[in-house]
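# Coordinates in review
So the chains spell out like this:
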Amino acid sequence: MVTTKTVENAVQAKQEIEGLLAQGFSLDDMYILAHDGHRGEDISEALHTNEVGVKEQGLLTSMSNIFKSRGDELRSKMEALGLSQQEAETYEKELDKGKLVLIANKE
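Right, let's walk through the structure included here. (Residues numbered from 1 in each chain as written. Predicted model: local features only at pLDDT ≥ 70, side-chain atom pairs only at ≥ 80, totals over all residues. Heavy atoms only, no water.)

### Here's the deal with the pattern of salt bridges
Under the definition given, this model contains seven salt bridges. With a closest N to O distance of 3.0 Å, Glu 92 and Arg 75 form a salt bridge. Note that Glu 92 is positioned in helix α6 (residues 85-96) and Arg 75 in helix α5 (residues 70-80), a separation of 17 residues in sequence. Here Glu 94 makes a salt bridge to Lys 99, at a shortest N to O gap of 3.1 Å. In the salt-bridge network here, residues are joined through shared partners; they are Glu 8, Glu 94, Lys 97 and Lys 99. (Salt bridge = Lys/Arg side-chain N within 4 Å of Asp/Glu carboxyl O. Helix = DSSP H or I, 4+ residues; strand = E, 2+ residues; numbered from the N terminus.)

### Re a negative patch on the surface
Taken together, the side chains of Asp 36, Glu 41, Asp 42 and Glu 45 define an acidic patch exposed on the protein surface. Summarising the element assignment, Asp 42 is placed in helix α2 (residues 37-47). Here Asp 42 falls in the exposed class, since its relative accessible area comes to 52%. (Patch = residues over 30% accessible without salt bridge, like charges linked within 9 Å, V, L, I, M, F, W, Y side chains within 5 Å. Areas by Shrake-Rupley, 256 points an atom, 1.4 Å probe, with all protein chains shown as cover. Lys, Arg positive; Asp, Glu negative; His and termini not counted. Charge placed at Lys NZ, Arg CZ, Asp CG, Glu CD. Buried < 20%, exposed > 50% of the residue type's maximum accessible area, 1.4 Å probe, protein only.)

### Considerations on the sheet that holds strand β3 (residues 100-105)
Read from one edge of the open sheet, three strands run β1-β3-β2, paired in antiparallel fashion. One side of each edge strand has no neighbouring strand; the edge strands of this open sheet are β1 (2-7) and β2 (30-33). Averaged over all adjacent pairs, the angle separating strand axes in this sheet is 20°, with direction ignored. As paired elements, β1 and β3 share six bridges and run antiparallel to each other. Within the sheet, the bridge partner assigned to Lys 5 lies in β3 and is Leu 102. (Pairing = 2+ DSSP bridges. Axes fitted to C-alpha atoms, helices over the stretch in contact; angles between N-to-C directions.)

Here it is as structure tokens:
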């Protein structure tokens, strides 16, 4: 089951995370993405959420992301977490506006 939320900032992300925890998700199921990679990493670290890596994407996709634009990389990561291509494109536009995307994926 994949749940996706768009939030403005880390405070809103924390509130959404608490709600998802109450629904049975764990922090290991949650990922925060931001268009600015450092912002996303900082917020993920502060809120103890997971980061999209080799485990979620596979080695080849992770390696190919090195050569992709940030938008392509983000869409690839979202698709690896269970979003459709169309959903990934929609949420990437929200990231372009400076928002955060919280994805919870409980397999």
